[in-house]
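# Summary of structural features
The residues making up each chain are set out below.
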Amino acid sequence: MVKSKWLSFVLVFAMLVSVFVPTGMTKAFASGTSYDSMVVPSISDDTTTELGTFMVDIDPFVRNSEAIFELPDTDYEIHKVKIGDVLFDLSGDQAKYVSGNKGTVTSDVYTGAANSDIKAFQFKITKTSDNGFKLYLDYDGTKTLVDSDENEYGKMGELKFPIELTEVVVPSGASGDIKLTITGSGSGQLKDGSVVVATIGGGDLTVAAVDTKSFSDDGGNVKIRITESAAGKLTSKDTLKLVLPDGFKWGNISDISLVYGTFAEMYKDASGNTAVAASDVNVNTALYRNVTDDTLEIRLNTLTTAGHWYQSTERTAIDITAKIDVDDSTKAKEGDVIAKVRGSYDVTPSEITVGTYGQYDTTISATDSSVVAFSGQYNQDNSSNDINKVSDIQIKESVVGSLVDGRTILLTLPTNARWYKIDDELVGSDTAKGEEVDSDNGVKLIFEGLQGTDNRTAKFVVKGDSTTSKDPAELKIENNYVALEPGVTGDLKVTVGGTAGLSTDSITLAKVVNPVTVTADKTNVKIGVSNQAAGKIDISEYQAGAIYTNHGKNTLDLILPDGVKFTSKPTVKVTSGDLDIDNVNLVSDKSGNDNKILRIEFKSDSTEASTIEVSNIYYDVDRTVGEGDIQVKVGGSALVTVPQDHVYASDSDSDEDKTLDYADIYFSGEDYIVKAANATVVTPAPTATNQTAVFTINSTTYTVNGVQNTLDSAPYVKDGCTYLPARYVAYALGVSSDNVLWDGTKATFILGNKVVQVVPGTTTLIINGATVTMDAPAEIVNGRVMVPFRWIAQAFGAQVQWDATNQTVTMTLQAQ
């Protein structure tokens, strides 16, 4: 196809004095711009025909606007289009005025204001391609509306006009809905959008949505037209189903009307011929319809009179007006609502657009994205601090009425965050849900509580609108606090959803940082050696008060990994700032292991960012520790204030004593902020010398390097497998009694840098953390762990021999 020239034709519309907004008329949106189908005909492909009509609604119309209107591709050709009461010919290189009253407009084009002093507006149309045109609306906003008492009350008001595609070439092979796409300039009021203007027919029935609406959580109506391809296609034995997508369901059917055609009650006469028992049967009588959640079923009714049935006596079209309800706003997707066409008929098309859900011109933003929040913390002191208070959230209408009553706003935090307070109210308390967050110019924003199973999504509902005000509404969600997972840093981005048509998908509420930074010197240490010097550790606050002492109640902890403990209490001092240390102690961990935690207590918070130095650190490193860095966890209640298992008592008298009424508001992860390595295990301790041990089946004596010893459980053979007592095998190979451990579930044996673990009742053998599967399970016999001898010996690196004649097992472990 050849691109057309960009030429323009200007027509001036003088708006009529006597035109009013019809009483009770509903709009797709209460404000902004919408494109709503009025007529959606069923047509054939490979034809030149009239397509449908749609309404452009701008409320209020306040500035110049332009947009390009295009059919799907260049195989379509728009020959004639009617805008308002004016017809244009686009079949040539440029748009040509054909007919219409240039001095007036019909009632289809109106301002919604009863006043003779309405500023006239201009529009021009230019052909942009064979399948598209550009529409430009001109209004300079200089005219002011006044009432009968000469009081000024606003500018131009609502502008609403139809566009009819009166002659279009439809290409061969086209099918389904034909959508006209609108592409706005970005700055005007003709916004991006799309509207169905026809559907390609075929099969037994054609289904089309002839009157669709844009709607929000309060739902909207759609008129669906069902057209037979020939008389008698609708039957009582076949069913047509229209299935809505997730989040939507059908409401009430408010109207059924016959567009054309007739229904009759039929029967077979005595000769077997089809005869009419009753003609011109009402469509409500003939048509069966049923709504079950997301499915609307249509067929002809079954008559109780034997041998009678309903049938169309000529090709028939039926309009059904039904309500679409929003069943779940978290699942309902914004944009076109597309119903799938199902059932036993041959139906065209397979899906239809029945409405548009939630698109609005309203902006949402964070007032200060540079706010700092601390990982691992939340605002637990309800009276005196702003820990993890994030940015206020601002919502602004672009024009009056952009926010519509009943629309929703969903704000979803990332997985490392949970809402703690909104508008300075605890989100789990009785006072938060249903409370007004802000109001302006007739619009109220109500907090409706948290959504979903993980409590990261806050739901807000718009109540009222600003249409009676001169100025758009500006709302703020202020005094918001979050709880943050320990150790996770970066931008805190909240995902924006809902049906209020907000301008962005996400906003940044804060920068998440660790409350302290930790640096450390490193030394080398060996396993199996006590009193070894480790490196100095420095802990620096991000800002004053970042180490939250809670008036001396909270502590900072340095937590050592398994196999390492403090030999003695290190030296702790403040090297900068005014943080005041009270006590320093070595304490046990949760398992009761001594000297695992260095606990630092304070008198009060700092007023100047401070640094703590921990020096003279000495470690005892046992044989279970592998080579590599010793990582010290830096945590404690002064850094990790977020409770791990926190349940709110909603009837508590004091906010400070309350906890949220859901257990998973906080995190069950780590109890520290950051790790620091101040020592590296570089060399294992010396191992045992050569060991040769001999065990005899059914004997309680064994020898080690020729020296006879006694054991309390004799070796035995079971199912072809030889079992030895694990403890004595370990002793025989040089494992000391201190390094033979039993925790009630598994036996652990430590030899040099080798850690071997056996789980009785299973075939599991664990060597330095790696799992090996034995060919027979370990057992407990007479209180002793018995293992297949070859597996336990080889786990320590020993060579084994079996003497079937003498029934002996020999194990040899070379010195290392």
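The structure under discussion appears in the preceding block.
Residues numbered from 1 in each chain as written. Predicted model: local features only at pLDDT ≥ 70, side-chain atom pairs only at ≥ 80, totals over all residues. Heavy atoms only, no water.

### A closer look at the overall build of the protein
Of regular secondary structure, the protein possesses three helices and 70 strands. Taken over 816 residues, the protein has a buried fraction of 50%. Of the contacts formed within the protein by residues at least 6 apart in sequence, a portion of 71% connects residues at least 24 apart. Of the roughly 35,100 Å² of accessible surface on the protein, 42% is carried by carbon and sulfur atoms. (Helix = DSSP H or I, 4+ residues; strand = E, 2+ residues; numbered from the N terminus. Buried < 20%, exposed > 50% of the residue type's maximum accessible area, 1.4 Å probe, protein only. Contact = heavy atoms within 4.5 Å. Areas by Shrake-Rupley, 256 points an atom, 1.4 Å probe, with all protein chains shown as cover.)

### Some thoughts on empty space enclosed by the protein
Applying the stated rule across the entire model yields four cavities of 30 Å³ or more. What the largest cavity holds in volume is close to 110 Å³. For the largest cavity, the lining is made up of 14 residues, of which S194, V195, T212, T353 and T356 are closest to its centre. When residues of the lining of the largest cavity are traced back to their parent elements, those giving at least two are β2 (32-39), β16 (193-200), β18 (213-215) and β30 (351-357). (1 Å grid on protein atoms, 1.4 Å probe; cavity = no way out; pocket = protein on both sides within 12 Å on 5 of 7 lines; lining within 4 Å. Points joined across faces, edges and corners; volume = space filled by probe spheres on them.)

### Quick look at the packing of aromatic side chains
Any pair of aromatic rings gets described here by the distance separating the centres and the angle formed by the planes. In the structure shown here, the tally under the stated rule is ten aromatic pairs. Where F54 meets F69, the ring centres are 6.3 Å apart and the plane angle is 25°; that geometry is what we call stacked. You can see F54 sitting in strand β5 (residues 53-59) and its partner F69 sitting in strand β6 (residues 65-70), a full 15 residues away along the chain. Residue F54 shares its accessibility class with F69, and that shared class is buried. Both rings, one in F374 and one in Y542, keep their centres 6.1 Å apart while their planes meet at 75°; by these two values the pair is edge-to-face. Highlighted residues: F374 in strand β32 (residues 372-374) and Y542 in the loop between β47 (537-541) and β48 (555-559), separated in sequence by 168 residues. F374 gets classed as buried once you look at its relative accessible area, which sits at 6%. Each member of the aromatic cluster is reached from another via a ring pair, and the members are F695, Y702, Y728 and Y731. Over the ring of Y481 we find K421; its NZ or CZ atom is 4.9 Å from the centre of that ring. (Phe/Tyr/Trp six-rings, centres within 6.5 Å; stacked < 30°, edge-to-face > 60°. Lys NZ or Arg CZ within 6 Å of the ring centre and 35° of its normal.)

### Things to note about the sheet that holds strand β54 (residues 617-621)
Taking strand neighbours across the sheet as the criterion, the three strands line up as β46-β54-β49 in an open arrangement whose pairing is antiparallel. The open sheet has two edge strands, β46 (529-534) and β49 (564-566), and neither has a second partner. Averaged over all pairs of adjacent strands, the angle between strand axes in this sheet comes to 35°, irrespective of strand direction. Sheet topology note: the β49/β54 ladder contains three bridges and is antiparallel. Looking at β54, one finds that K565 is bridged to D620. (Pairing = 2+ DSSP bridges. Axes fitted to C-alpha atoms, helices over the stretch in contact; angles between N-to-C directions.)

### What about the pattern of salt bridges?
Considering all chains together, one arrives at 18 salt bridges under this definition. D204 serves as the salt-bridge partner of K233, at 3.5 Å between the closest nitrogen and oxygen. On the criterion of sequence distance, the pair formed by K233 in the loop between β19 (220-228) and β20 (240-243) and D204 in the loop between β16 and β17 (205-211) is long-range, its members being 29 residues apart. With a shortest N-O distance of 4.0 Å, E474 and K396 are connected by a salt bridge. Of the two residues, E474 is situated in strand β40 (residues 474-477) and K396 in strand β33 (residues 393-397); the sequence distance between them amounts to 78 residues. Note on E474: relative accessible area 43%, which makes it partly exposed. For K396, a relative accessible area of 31% gives the class partly exposed. (Salt bridge = Lys/Arg side-chain N within 4 Å of Asp/Glu carboxyl O.)

### With respect to the nonpolar core
Residues L240, F248 and W250 are the most contacted members of the largest nonpolar core, which totals 38 residues. When residues in this core are grouped by element, the largest group, five residues, is from strand β27 (residues 317-326). Each residue touching L240, except ones within four places of it in the same chain, is listed here: L205, V207, I226, L296, E297, I298, V341, R342, Y345 and V347. Membership of the second largest hydrophobic core comes to 37 residues, among which are A67, L71, V86 and I178. (Core = buried A, V, L, I, M, F, W, Y, C linked by side-chain atoms within 4.5 Å.)

### Side note on the environment of T523
Examined against the element boundaries, T523 turns out to sit in strand β45 (residues 523-526). Along the backbone, T523 and T680 are 157 residues apart, and their C-alpha atoms lie at a distance of 6.2 Å.

### A closer look at the sheet that holds β32
Spatial strand order, β32-β43-β42-β34-β39-β38-β37: seven strands in an open sheet with mixed pairing. Looking at the sheet topology across the chains shown, the edges are occupied by β32 and β37 (436-440). Between one strand axis and the next, the sheet turns by 30° as a mean value, whatever way the strands run. With six bridges joining them, strand β42 (residues 490-498) and strand β43 (residues 506-513) adopt antiparallel strand pairing. Across the sheet, the residue bridging to L492 is A510, located in β43.

### A closer look at the side chain of R418
Within the secondary structure, R418 is located in strand β35 (residues 417-422). R418 gets classed as buried once you look at its relative accessible area, which sits at 10%.

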